[in-house]
Amino acid sequence: MATIFTAWQGVKGRIEAALQRPRHGGGEVDLLAVSKTFPAEAVRELYDAGQRAFGENYVQELVTKAAQLVDLPELAWHFIGPLQSNKTRPVAEIASWVHTVDRLKIAERLSMQRPPQLAPLNVCIQVNVSGEASKSGVTPELAAALALAVAKLPRLRLRGLMCIPEPTGDDERLTAQFATLRQLKEDLEREGLALDTLSMGMSADLELAIQEGATMVRVGTALFGART
Ligand SMILES: *Cc1c(COP(=O)(O)O)cnc(C)c1O
């Protein structure tokens with residue numbers, strides 16, 4: 001108990017410290033606890049400490065863990081992994097958020113499959129800001145058209161943009177990629193979309209992301225330890 005709780009306090013302290021420094025944008029920064037590969041018991045421990053938003057990357061793992069934790073009424077699942085069109089239904093039924101919408105077909109299926117008794121599914125468009133061929137996400141050039149189309153879908157609520165920058169320790173490159181996402185969001189706001197979310201920043205780079213305007217950081221390792 002002490003370990004996860006201490007780690008959680010530590011990450012919240014890092015976020016608070018980053019908020020004291022000059023940054024783009026304002027307001028609060030939400031912490032998404034990325035629990036992929038860690039057991040339901042670890043999620044329960046953090047929930048008992050007060051954490052409510054948890055991120056998962058794999059559909060089957062989300063389904064299993066959600067069933068194990070169905071007794072936690074305020075737990076909100078965020079899906080943050082690559083999503084294939086034949087796997088959208090359980091995500092539409094379980095998740096409160098999907099951060100990784102990168103094509104219209106996925107968004108259309110999520111909208112169609114979102115159960116009517118639930119609130120609209122919150123979504124972010126994932127943008128490939130590093131240009132790496134291996135990375136999912138829509139290109140920055142196509143992001144606006146996709147966002148405008150997704151915003152029209154009835155059972156989704158477009159909240160903003162998400163990125164995973166290239167894995168590098170080069171702060172300037174990271175900063176430039178986070179800034180690209182922020183500028184895209186500002187462009188979309190000028191086109192009339194009401195967006196409140198920039199999902200960017202992980203264990204190693206959350207301070208840089210907050211400086212560039214992140215409103216939600218997705219943290220796994222710094223909370224739960226290294227994944228095997
Ligand atoms: C695993 C993962 C994270 C968490 O990364 P850490 O470096 O462990 O904090 C954040 N976002 C996405 C999309 C991930 O897949």
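Turning to the overall build of the protein chain, a few remarks are in order. A count of helices and strands for the protein chain gives 9 helices and 8 strands. Radius of gyration (C-alpha) of the protein chain: 17 Å, near the 17 Å computed for a compact globule of 228 residues. Here the protein chain, with 228 residues, has 52% of them falling under the buried criterion. A sequence separation of at least 24 residues applies to 59% of the contacts in the protein chain between residues at least 6 apart. Working note: accessible area of the protein chain is about 10600 Å², and carbon and sulfur atoms make up 53% of it. The distance from the centre of the 25 positive side-chain charges to the centre of the 27 negative ones in the protein chain is 5 Å.

Residues V98, L110 and I125 are the most contacted members of the largest nonpolar core, which totals 65 residues. One finds A53, C124, M162 and M216 within the second-largest nonpolar core, a separate group that totals 8 residues.

Moving on, we come to the pattern of salt bridges. Scanning the model with the defined rule gives 13 salt bridges in all. Here K185 ties to E189 by a salt bridge, and the two come within 3.2 Å at their closest N and O atoms. Of this pair, K185 and E189 both sit in helix α7 (residues 171-190), separated by 4 residues, roughly a single helical turn. Note on E189: relative accessible area 31%, which makes it partly exposed.

Let us now look at the site of the ligand. In the region of the ligand, 13 residues are neighbours, and K36, N57, S203, G220 and T221 sit closest. The separation between an oxygen atom of the ligand and a polar side-chain atom of S203 is 2.5 Å. Contact between the ligand and G220: an oxygen atom at 2.8 Å from a main-chain N or O atom of the residue. Its free accessible area being 390 Å², the ligand has 89% of it covered by the protein chains. Considering only residue class, the shell around the ligand consists of 6 nonpolar, 4 polar and 3 charged.

This part takes up unusual backbone geometry. Leaving glycine aside, a negative phi is the common case for residues, and trans is the common case for peptide bonds. Despite not being glycine, T37 has its phi angle at roughly 75°, a positive value. For T37, the position within the fold is in the loop between β1 (30-34) and α2 (40-49).

To continue, consider the pairing of β1. Where burial is concerned, most of β1 is hidden: 4 out of the 5 residues are buried. Summarising the sheet, β1 and strand β8 (residues 216-219) pair through 4 bridges and their orientation is parallel. Note on β8: the bridge partner recorded for D30 is M216. Sheet topology places β1 next to strand β2 (residues 53-56); 2 bridges connect them, and they run parallel. Its bridge partner being in β2, V34 is matched across the sheet by G55. For the handedness criterion, the β-α-β arrangement of β1, α2 and β2 is classed as right-handed.

On average, residues of the protein chain score 97 in pLDDT, and 99% of them are at 70 or above. Within the protein chain, the element-level pLDDT minimum falls on helix α1 (residues 2-19), averaging 95, and the maximum on strand β3 (residues 76-79), averaging 99.

Moving on: the packing of aromatic side chains. Inspection of the entire model under this criterion finds 3 aromatic pairs. Here the aromatic rings of F54 and W77 are separated by 6.3 Å at their centres, their planes lie at 55°, and the arrangement is tilted. Within this pair, whereas F54 is found in strand β2, its partner W77 is found in strand β3, the two being separated by 23 residues in sequence. Since its relative accessible area comes to 0%, F54 is described here as buried. The class of W77 is buried, set by a relative accessible area of 6%. In this structure, K12 is placed above the aromatic ring of W8, and the distance from its NZ or CZ to the ring centre is 3.9 Å. Sitting above the plane of the Y47 ring, R52 keeps its charged end 3.8 Å from the centroid.

Calculation notes
Residues numbered from 1 in each chain as written. Predicted model: local features only at pLDDT ≥ 70, side-chain atom pairs only at ≥ 80, totals over all residues. Heavy atoms only, no water. Helix = DSSP H or I, 4+ residues; strand = E, 2+ residues; numbered from the N terminus. Rg over C-alpha atoms; globule rule 2.2 N^0.38 Å. Buried < 20%, exposed > 50% of the residue type's maximum accessible area, 1.4 Å probe, protein only. Contact = heavy atoms within 4.5 Å. Areas by Shrake-Rupley, 256 points an atom, 1.4 Å probe, with all protein chains shown as cover. Lys, Arg positive; Asp, Glu negative; His and termini not counted. Charge placed at Lys NZ, Arg CZ, Asp CG, Glu CD. Core = buried A, V, L, I, M, F, W, Y, C linked by side-chain atoms within 4.5 Å. Salt bridge = Lys/Arg side-chain N within 4 Å of Asp/Glu carboxyl O. Near = heavy atom within 4 Å. Polar contact = N/O pair within 3.5 Å; in protein donor to acceptor, adjacent residues only side chain to side chain. Nonpolar A, V, L, I, M, F, W, Y, C, P; charged D, E, K, R; others polar. Pairing = 2+ DSSP bridges. Right-handed = clockwise from strand over helix to strand, strands pointing away. pLDDT = per-residue confidence, 0-100. Phe/Tyr/Trp six-rings, centres within 6.5 Å; stacked < 30°, edge-to-face > 60°. Lys NZ or Arg CZ within 6 Å of the ring centre and 35° of its normal.

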